[in-house]
Amino acid sequence: MIDDKDAFYVADLGDIVKKHMRWHKALPRVTPFYAVKCNDSRAVVKTLAVLGAGFDCASKTEIQLVQSIGVPPERIIYANPCKQVSQIKHAASSGVQMMTFDSEVELMKVARAHPKAKLVLRITTDDSKAVCRLSVKFGATLKTSRLLLERAKELDLAIVGVSFHVGSGCTDPETFVQAISDARCVFDMGAELGFNMYLLDIGGGFPGSEDVKLKFEEITNVINPALDKYFPSDSGINIIAEPGRYYVASAFTLAVNIIAKKIVLKEQTGSDEVECYSDYDITSGSSVLIRPKPDDSCYSCSIWGPTCDGLDRIVERFNMPELQVGDWILFENMGAYTVAAASTFNGFQRPTIHYVMSRPAWQLMQQIKEQGFLAEAEEQDVSSLPVSCAWESGIEYPATCASASINV
Ligand SMILES: Cc1ncc(COP(=O)(O)O)c(C=O)c1O
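On a predicted model such as this, the values are computed, not experimentally measured, just so you know. (Residues numbered from 1 in each chain as written. Predicted model: local features only at pLDDT ≥ 70, side-chain atom pairs only at ≥ 80, totals over all residues. Heavy atoms only, no water.)

A.B. asks: Before we go on, may I ask you to explain the UniProt feature "modified residue: N6-(pyridoxal phosphate)lysine" (unreviewed entry) in the chain in this structure?
C.D. replies: According to UniProt, the "modified residue: N6-(pyridoxal phosphate)lysine" (unreviewed entry) feature falls on Lys 37. In this structure, Lys 37 sits in the loop between β2 (30-35) and α2 (42-50). (UniProt positions renumbered as here; feature names shortened; annotations may be inferred. Helix = DSSP H or I, 4+ residues; strand = E, 2+ residues; numbered from the N terminus.)

Right, dumping it as structure tokens:
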């Protein structure tokens, strides 16, 4: 039973359509394989499937989700370098051939469980400047890459390409350049050993909102020349990426209701009032929407989640006007690693997601579905038009929303 004061998300699927168009414009040579781990909502996956994206799946469950929507196996990469054998077998039986690896043990597992796999060697990157580092766990060095290629040859496995991930929330585009150049070295090693390598996977790491230091186009303006230098168009190499955050972060807004309030008295005497913040960026990638009125007084506050855990602190210190139980706070840019990572600790249910999409965005999506990606589509502005709605929960579509229904 949903209480009208429960937290909820509003997800604008039209924002994902816009992001897709922006991607094509900024990275015309790179096919996006959306990283399902970032937000596995069925409506998100379905929207991207309709738009023709591929998918990066990390597990059997993600493969099943994507295939249940009708995505063919060629549009799936099993991009987890350390896989359970039973899940490798599942990939084999469901026709998924592309998969990443970065170790000899993984090669031996794949040789037994999926000898026809098309393997993609994941190399390490210098992700020291990323918000969330991944090369501490995954990726082979150039030296190890040569040994792995030799071992794959002995095992009669097909290595079809190279992948990397610069870390989620990349803050230095030069990391991409170095990784693309390293990938070129591995392609050359592979060619020496007789492999036919045709796939470069430049991973994720792209920003999903505008409240970041390094904008999407600032990164792509560095990536494109590097691709042209090391993998020119006439090289015939297919280039893909695994964006997660990029596609979903800004599409989701979270509304939370204040259920309790505690006033903490200051130890020293003096005024409690502080300068008001507005639209203040709290953490990388998400911002809280507080719009104080000119005559509001503000106080230093912290924001806590509803569980009994002392670690459940959302914001340590934030200057806000005084709010009351029952007031709402909006958090923007909440689509990445939120719904997919949420738990029901203490019995608190995950927030319901209400999907919306503007009619023009819906029509554009249908147009892309039917006719492929069109140059004219890039010119259309889907940002300024009103949204219509689609409910994931299967509630009847109101008449005004009829053409925006998403079949989830
Ligand atoms: C293998 C792989 N690909 C893609 C992604 C998505 O990264 P991002 O959300 O930074 O685009 C991740 C994130 O952890 C990942 O591990």
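A.B. asks: Can you help me understand the sheet that holds strand β11 (residues 273-274) in this one?
C.D. replies: To summarise the sheet geometry, strands pair through backbone hydrogen bonds and adopt either a parallel or an antiparallel arrangement. One open sheet holds the three strands; their spatial order is β11-β14-β15, and the pairing between them is antiparallel. Where the open sheet ends on each side, the last strands, each with one partner, are β11 and β15 (313-321). (Pairing = 2+ DSSP bridges.)

A.B. asks: I keep staring at the environment of Asp 126 and nothing clicks. Help me out?
C.D. replies: Relative to the assigned elements, Asp 126 resides in the loop between β6 (118-122) and α6 (142-154). For the pair Asp 126 and Val 136, spaced 10 residues apart in sequence, the C-alpha to C-alpha distance is 9.4 Å. Within the structure, Asp 126 has its side chain in polar contact with the side chain of Ser 128 (distance 2.7 Å). (Polar contact = N/O pair within 3.5 Å; in protein donor to acceptor, adjacent residues only side chain to side chain.)

A.B. asks: So what exactly am I meant to see when it comes to the site of the ligand here?
C.D. replies: By nearness alone, 15 residues border the ligand, and Ser 168, Glu 242, Gly 244, Arg 245 and Tyr 337 come closest of all. One of the backbone nitrogen or oxygen atoms of Gly 244 is found 2.9 Å away from an oxygen atom of the ligand. Arg 245 places a polar main-chain atom, nitrogen or oxygen, 2.9 Å from an oxygen atom of the ligand. Bound to the protein, the ligand loses 93% of the 400 Å² it would expose on its own. Classifying every residue of the shell around the ligand gives five nonpolar, five polar and five charged. (Near = heavy atom within 4 Å. Areas by Shrake-Rupley, 256 points an atom, 1.4 Å probe, with all protein chains shown as cover. Nonpolar A, V, L, I, M, F, W, Y, C, P; charged D, E, K, R; others polar.)

A.B. asks: Can you help me understand the UniProt feature "active site" (unreviewed entry) in the chain in this one?
C.D. replies: Mapped onto the present numbering, the UniProt feature "active site" (unreviewed entry) falls on Cys 308. Tracing the chain through its elements places Cys 308 in the loop between β14 (298-304) and β15. Since its relative accessible area comes to 74%, Cys 308 is described here as exposed. (Buried < 20%, exposed > 50% of the residue type's maximum accessible area, 1.4 Å probe, protein only.)

A.B. asks: Would you mind going over the side chain of Lys 83 with me for this structure?
C.D. replies: Secondary-structure assignment places Lys 83 in the loop between β4 (76-78) and α4 (85-93). A polar atom in the side chain of Lys 83 sits 2.5 Å from the backbone oxygen of Thr 100. When neighbours within four sequence positions are excluded, Lys 83 is seen to be in contact with Tyr 78, Ile 88, Met 99, Thr 100, Glu 106 and Lys 109. (Contact = heavy atoms within 4.5 Å.)

A.B. asks: Is there a simple way to think about the confidence of the model for the chain in this case?
C.D. replies: Reading fine detail from the predicted coordinates is not recommended where pLDDT is low. The pLDDT averaged across the chain works out to 88; a share of 87% of its residues lies at or above 70. Note on residues 281-285: pLDDT under 50 across the span, and 14 contacts to partners over four residues away in sequence or across chains. In this model, residues 388-408 is a region of pLDDT below 50 whose contacts with residues beyond four sequence positions or in other chains number 46 contacts. (pLDDT = per-residue confidence, 0-100.)

A.B. asks: I tried to follow helix α10 (residues 359-371) on my own but got confused; where do I start?
C.D. replies: Counting along an α-helix, one turn takes 3.6 residues, and residues three or four places apart therefore face a common direction. The first and last C-alpha atoms of α10 sit 18 Å apart over 13 residues, in line with the 18 Å expected at 1.5 Å per residue. For α10, the complete set of buried residues consists of Ala 361, Trp 362, Leu 364, Met 365, Gln 366 and Ile 368. The first or second residue beyond α10 is Gly 372, which carries a positive phi of 80°. (Expected span 1.5 Å × (residues − 1).)

A.B. asks: What's the story with the packing of helix α1 (residues 13-26) against helix α8 (residues 216-230) in this structure? I'm lost.
C.D. replies: Geometry of a packed helix pair, given as the angle between the helix axes and the separation of the axes. With their axes 10 Å apart at the nearest point, α1 and α8 run at an angle of 30° to one another. Classified by the angle their axes make, α1 and α8 are roughly parallel. Every pair of crossing elements has a handedness; the one defined by α1 and α8 is right-handed. Contacts between α1 and α8 involve Arg 22, Trp 23 and Ala 26 on the former and, on the latter, Phe 216, Glu 217, Thr 220 and Asn 224. Taken together, the residues that form the contact of α1 with α8 break down as three nonpolar, two polar and two charged. (Axes fitted to C-alpha atoms, helices over the stretch in contact; angles between N-to-C directions. Parallel < 35°, antiparallel > 145°, perpendicular 65-115°, else oblique. Left-handed = near helix turned anticlockwise from the far one by under 90°.)

A.B. asks: For this particular structure, what's the right way to read the pattern of salt bridges?
C.D. replies: Two side chains bearing opposite charge may form a pair once their charged atoms approach each other closely. Here the structure, examined in full by the defined rule, presents 14 salt bridges. Lys 37 is the salt-bridge partner of Asp 56, the closest N and O atoms lying 3.2 Å from each other. Here Asp 56 is found in strand β3 (residues 54-57), whereas its partner Lys 37 is found in the loop between β2 and α2, with 19 residues between them in sequence. A residue is classified by how much of its surface remains accessible, and Asp 56, at 1% relative accessible area, is buried. We classify Lys 37 as partly exposed; its relative accessible area is 33%. One salt bridge connects Glu 322 with Lys 261, and the closest N-O pair in it is separated by 2.6 Å. (Salt bridge = Lys/Arg side-chain N within 4 Å of Asp/Glu carboxyl O.)

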